[in-house]
Amino acid sequence: MGTIGELGEFGLVGRLTRRLPQGPDVLLGPGDDAAVVAAPDARVVATTDLLVEGRHFRRDWSGPYDIGRKAAAQNLADVVAMGARPTALLVGLAAPLDTGADWAERLYDGLADECAAAGASVAGGDVVGASEITLAVTALGDLGGAPPLTRSGARPGDVVAVRGRLGWSAAGLALLAAGGGGPAELIAAHRRPAPPYEAGAQARGLGATALLDVSDGLVQDLGHIAAASGVRIEIGSAALPVPEILGPDGTRHVLTGGEDHAFAGTFPAEAVLPSSWSAVGVVTEGAGVLVDGRDPGPGGWDHFRV
Ligand SMILES: Nc1ncnc2c1ncn2[C@@H]1O[C@H](COP(=O)(O)OP(=O)(O)O)[C@@H](O)[C@H]1O
Ligand SMILES: Cc1ncc(C[n+]2csc(CCOP(=O)(O)OP(=O)(O)O)c2C)c(N)n1
Ligand SMILES: [Mg+2]
Ligand SMILES: [Mg+2]
Ligand SMILES: [Mg+2]
């Protein structure tokens, strides 16, 4: 099928955009100077994340379809974490000219399928030749008239709860780094996160006071809620969902592992949480995050400390 260099810029764009079904929020999709996306609420949620080969994914560890799923999921989860409904993605792709055209097409199939799982579509993007693969993904969402669910609304007395897998991606990454043995479910979880997209609307319905998606690690990301809200968050390790499959380092993976894109939120104490949410702690007065009453120390992902 050849390389993207042989296809050329416009040939590649044509091949990729043909693979992108358009949902109802995209009023004008790929092909013009810009896309047109519906914004019924007149307030657009917008977020962007970069994925760089070697730092966010390795082509020998993940295939293009899963890289596409993950790139979309990482951004769609940020929209959902604002309490919004994802509508559209814009995708910047930089790649070496000898990249297989079929590799790029599978990447776009992954992007399109993950968007479909969240009710969104890829409405446009850009391609450029480069020495390594970089994906720059921007996601847009609609608040549907409701206020955003920010990181700053947690109040002392709230319950802290999580929905979605935690630690699975980190455990899978550790297995890949060690040569790829171990439970296939963990490696699959690293390659393709499965954010429970319905958690945003659900958290809103439950009266959530703050919400975010866990990309860098539970403790580190709860630290963002604590800082933004001016509160302390106290986690009890016995309450954490640590399934057997995570192995002997399970609790550490759950506390510090990123990239599962679970949702963590704070809820009024009287909220009746369904079983899909695990209550893992409480909000108190003070600052920072404590685990079992102690400062857990550094952990979690920091791009400038790896
Ligand atoms: N280069 C940048 N320019 C402007 N804002 C940025 C930049 N990098 C990060 N931010 C902002 O910092 C906040 C936290 O970013 P990040 O930790 O990447 O969040 P998330 O984990 O949800 O993707 C976001 O509001 C983001 O827009
Ligand atoms: C090859 C490789 N090495 C390391 C990791 C682990 N890793 C990379 S980025 C990241 C954190 C999440 O990415 P980030 O860019 O910080 O996303 P954001 O927090 O902005 O959503 C982790 C745990 C990986 N996925 N692949
Ligand atoms: Mg980010
Ligand atoms: Mg986030
Ligand atoms: Mg991060």
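Here, residues in each chain are numbered from 1, in the same order as that chain's written sequence. Numbering of ligands from 1 and lettering of chains from A proceed in the order in which they are written. Under the rules for a predicted model, residues below a pLDDT of 70 receive no local features and side-chain atom pairs below 80 are neither given nor counted, while totals for whole chains, interfaces and linings still include all residues.

As recorded in an unreviewed UniProt entry, the protein chain goes by Thiamine-monophosphate kinase and comes from Actinomadura litoris. On record in UniProt, under Pathway (unreviewed entry), the comment for the protein chain is "Cofactor biosynthesis; thiamine diphosphate biosynthesis; thiamine diphosphate from thiamine phosphate: step 1/1." UniProt positions are given in the numbering used here, feature names are shortened, and annotations may be inferred rather than shown by experiment. For the protein chain, the Function (unreviewed entry) comment in UniProt is given as "Catalyzes the ATP-dependent phosphorylation of thiamine-monophosphate (TMP) to form thiamine-pyrophosphate (TPP), the active form of vitamin B1."

Chemist: Before we move on, can you summarise the pairing of strand β10 (residues 262-267) with the specific residues and values?
Modeler: With C-beta atoms placed from the backbone, a residue is buried if 20 or more other C-beta atoms are within 10 Å of its own, exposed if 12 or fewer are, and partly exposed between those counts. Secondary structure elements follow DSSP: runs of H or I no shorter than four residues count as helices, runs of E no shorter than two count as strands, and numbering proceeds from the N terminus. Taken across its six residues, β10 has six buried, putting it largely inside the fold. Residues A262, A264 and T266 of β10 are buried on one face, and the alternating residues F263, G265 and F267, pointing to the opposite face, are buried as well. Where strand β7 (residues 159-163) meets β10, five bridges bridge the pair, whose relative direction is antiparallel. Pairing of A161 across the sheet is with G265, part of β10. Two elements, strand β8 (residues 210-214) and β10, share five bridges in a ladder whose sense is antiparallel. We treat two strands as partners when DSSP finds at least two bridges between them.

Chemist: I'd like a description of the sheet that holds β7, backed by residues and values.
Modeler: The strand order β8-β10-β7-β11-β9-β12 describes an open sheet built from six strands, whose pairing is mixed. Bordering the open sheet on either side are β8 and β12 (288-291), each of which pairs with just one other strand. Taking each pair of neighbouring strands and ignoring which way they run, the sheet shows an average axis angle of 25 degrees. In this fold helix α3 (residues 64-81) packs onto β8 and β10, with an angle of close to 170 degrees to the strand it touches most, β8. Only the stretch in contact is used when fitting a helix axis, every axis being a line fitted to C-alpha atoms; angles between N-to-C directions are given from 0 to 180 degrees. Contact criterion: two residues are in contact if their C-beta atoms, reconstructed from the backbone, are within 7 Å.

Chemist: Tell me what's going on with the sheet that holds strand β6 (residues 134-142), and back it up with residues and numbers.
Modeler: Spatial ordering of the open sheet is given by β3-β6-β4-β5, a layout of four strands whose pairing is mixed. The open sheet is flanked by β3 (44-52) and β5 (121-129), the only strands paired with a single partner. In this sheet, neighbouring strand axes are inclined to one another by 15 degrees on average, regardless of whether the strands run parallel or antiparallel. Against the sheet, α3 touches β3, β4 (85-95) and β6, its axis set at about 30 degrees to β6.

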